[in-house]
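# Understanding the architecture of this molecule
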Amino acid sequence: MEAERSSVKKKATGPRACLTILGSFTGLFCTVGFMNSFGVFQEYYGKEQLADKSESTIAWLGAISIFCIFFISVFSGRLLDVFGPTFMLCIGSLGTVFSLMMVSLCKEFYQFILAQGILLGVSLALLACPMLALVGQHIKVKRGAALGIVLGGSSLGGVMWPIAINELLQKPNIGFGWTMRIVAFIMIPLLSVSCICCRPPKTSPPPTQRPASDEEVTITETKASVPKTDYSVLKKPSLQLSCLAFFIIYFGMFSPFFFTTSYAVAEGFSTDLAFYTISIVNGASFFGRVLPGIVADRYGKFNCCIVATFFSGIIALCWTKATSVAGLVMFSLAYGFASGAILSLQQACAAQVATPQTIGLTMGTVMAATSFSAMAGVPISGELAGKYGYLALSIYSGVSLLVGSVLLAAARFVQSRKLLDVV
């Protein structure tokens, strides 16, 4: 038994697993991290290229990208289980760079929809879910901590991309076009690291045994190359309730990420401080994704995710009480930390419900369940902010998170009715 535990630990911390964590970290820095900076584009487009469009209309750009990332993940997760990661990661990386180059040439709203909405979203979907699933396949012992570290890459991207993009946009000799091209050029080496380092775990060879004939070897290899899909995991009540919970949560979870900047401008804060609120939210989210993941390995993924979701809802309800610089900074820090834990533990919860053979399918299913609500939530938030003000948006965001925490609690108690169990 002791030897078996030692073997598991070695697998969890081997060079292949460490390289996969590194590659996934840089990949999420470029994918979800870049998406986390959409608040900069929301504010910039409203004043420049798309000044004739409403906030909710511009928000569709981010909404479509988020929808593509989450919805297509159910297919990319399954493709990972069958064909492995290399092809998807290469296509996704090329598509991401190409889409940003196309965004630099966009003038009309439909062009932004095609390039920054659809093409970028599809490309990111081919990167994000496979990377998370690969980490789940490699790491068996401290999975929550590993996923938290990897998702910390998206938070770090959410800190650095808004600052870099905002600084570049303010330089008249660079402008919007070259800003997007510079971003694409920065992503090339980072995504190359992801494509090179992200590899599936080595499968243990079967016990030494001489097959009866060469024909038997051929049959065995053919069967192994096309694994059967185990869809029975989709019938688990814990997975179904988890999907419903995250579906409700995502209606309002991204509202502060996308609209804290516009809220700060509306409240009369300086433009520089308004842009930096995105980086503050994502900076706190980095610690929110890493630290709760470490705690969750000891006290339970679902337990910690429920607490994080509940507190995110409470903080979101306090949004409009941030009327001073200190208040705005504290709100951004608090919401970033709490919501970061949701994004981190969501994948850990999905991996806990899955089997090793269905981890890609399960993670993809949970992400796909959030796709429609994530897409609808952003323009709904823009419409609420534009027509009814930020108090209505605060209530909408907070209530969706609180209802989601109740449904997550139901998913947790389906697995164990004992209150103090580690689930």
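Residues numbered from 1 in each chain as written. Predicted model: local features only at pLDDT ≥ 70, side-chain atom pairs only at ≥ 80, totals over all residues. Heavy atoms only, no water.

An unreviewed UniProt entry lists the chain under the name dna, SC038, from Aspergillus oryzae. UniProt, in the comment section headed Sequence similarities (unreviewed entry), describes the chain in these words: "Belongs to the major facilitator superfamily. Monocarboxylate porter (TC 2.A.1.13) family." Taken from UniProt, the Subcellular location (unreviewed entry) comment for the chain reads in full: "Membrane". (UniProt positions renumbered as here; feature names shortened; annotations may be inferred.)

So, on to the nonpolar core. Formed by 124 residues in total, the largest nonpolar core has its most connected members in Phe34, Tyr45, Phe176, Tyr250, Met253 and Met363. For this core, the element with the highest residue contribution is helix H7 (residues 109-138), accounting for 15 residues. Here Phe176 is in contact with Phe41, Tyr44, Tyr45, Gln49, Val103, Ser104, Phe112 and Leu169, once residues within four sequence places are set aside. (Core = buried A, V, L, I, M, F, W, Y, C linked by side-chain atoms within 4.5 Å. Buried < 20%, exposed > 50% of the residue type's maximum accessible area, 1.4 Å probe, protein only. Helix = DSSP H or I, 4+ residues; strand = E, 2+ residues; numbered from the N terminus. Contact = heavy atoms within 4.5 Å.)

Bringing the environment of Val281 into the picture now. Structurally, Val281 is set in helix H13 (residues 271-299). C-alpha separation for the pair Val281 and Gly158, spaced 123 residues apart in sequence, amounts to 8.3 Å. The residues contacting Val281, other than those within four sequence positions of it, are Phe257, Ser332 and Gly336.

This brings us to the packing of helix H11 (residues 237-252) against helix H17 (residues 371-387). Contact pair H11 / H17: the axes reach a minimum separation of 7 Å and the direction vectors enclose 15°. It follows that H11 is roughly parallel to H17 by the angle criterion. Crossing angle aside, the handedness with which H11 passes H17 is right-handed. From H11, Phe246, Phe247, Tyr250 and Phe251 reach across to H17, where they touch Phe372, Ser373, Ala374, Ala376 and Gly377. Looking at side-chain class alone, the contact of H11 with H17 contains 7 nonpolar, 2 polar and no charged residues. (Axes fitted to C-alpha atoms, helices over the stretch in contact; angles between N-to-C directions. Parallel < 35°, antiparallel > 145°, perpendicular 65-115°, else oblique. Left-handed = near helix turned anticlockwise from the far one by under 90°. Nonpolar A, V, L, I, M, F, W, Y, C, P; charged D, E, K, R; others polar.)

Below, the discussion takes up a nonpolar patch on the surface. A cluster of nonpolar residues, Val307, Phe310, Phe311, Ile314, Leu317, Leu391, Ile395, Val399 and Val403, forms a patch on the protein surface that exposes about 730 Å² of accessible area. At the level of elements, helix H14 (301-317) and helix H18 (390-415) are the ones that each hand at least two residues to the nonpolar patch. Here the nonpolar patch takes 5 residues from H14, the largest share from any one element. Along the chain, Val403 turns up in helix H18. Its relative accessible area of 39% is what places Val403 among the partly exposed residues. (Patch = residues over 30% accessible without salt bridge, like charges linked within 9 Å, V, L, I, M, F, W, Y side chains within 5 Å. Areas by Shrake-Rupley, 256 points an atom, 1.4 Å probe, with all protein chains shown as cover. Salt bridge = Lys/Arg side-chain N within 4 Å of Asp/Glu carboxyl O.)

Here we come to the pattern of salt bridges. Any two side chains of opposite charge can pair if their charged atoms end up close together. Within this structure, the stated rule accounts for 1 salt bridge. Between Glu383 and Lys387 there is a salt bridge, with its nearest N and O atoms 3.4 Å apart. Placement of the pair is Glu383 and Lys387 together in helix H17, with a separation of 4 residues, close to one helical turn. For Glu383, a relative accessible area of 32% puts it in the partly exposed group.

Overall, the coordinates contain 0 disulfides when judged by the stated rule. Cys195 provides the cysteine sulfur closest to Cys90, a residue in no disulfide bond, and the two sulfurs are 4.2 Å apart. (Disulfide = S-S within 2.5 Å.)

A separate point is H17. Compared with an ideal rise of 1.5 Å per residue, which puts 17 residues at 24 Å, H17 spans 25 Å between its outermost C-alpha atoms and is within 8% of the ideal. The set of residues buried in H17 consists of Ser371, Ser373, Ala374, Met375, Gly377, Val378, Pro379, Ser381, Gly382, Leu384 and Ala385. After H17 finishes, the residue Gly389 shows a positive phi value of roughly 95°. (Expected span 1.5 Å × (residues − 1).)

Below, the discussion takes up empty space enclosed by the protein. Overall, the coordinates contain 1 cavity of 30 Å³ or more when judged by the stated rule. Of the volumes computed, that of the largest cavity is approximately 220 Å³. When residues of the lining of the largest cavity are traced back to their parent elements, those giving at least two are helix H3 (32-35), helix H5 (55-83), H7 and helix H15 (325-353). Across the lining of the largest cavity, the residue classes break down as 14 nonpolar, 3 polar and 1 charged. When residues are assigned to domains, the lining of the largest cavity turns out to be shared by domain 1 (13-200) and domain 2 (233-422), each giving three or more. (1 Å grid on protein atoms, 1.4 Å probe; cavity = no way out; pocket = protein on both sides within 12 Å on 5 of 7 lines; lining within 4 Å. Points joined across faces, edges and corners; volume = space filled by probe spheres on them. Domains from an automatic or database assignment.)

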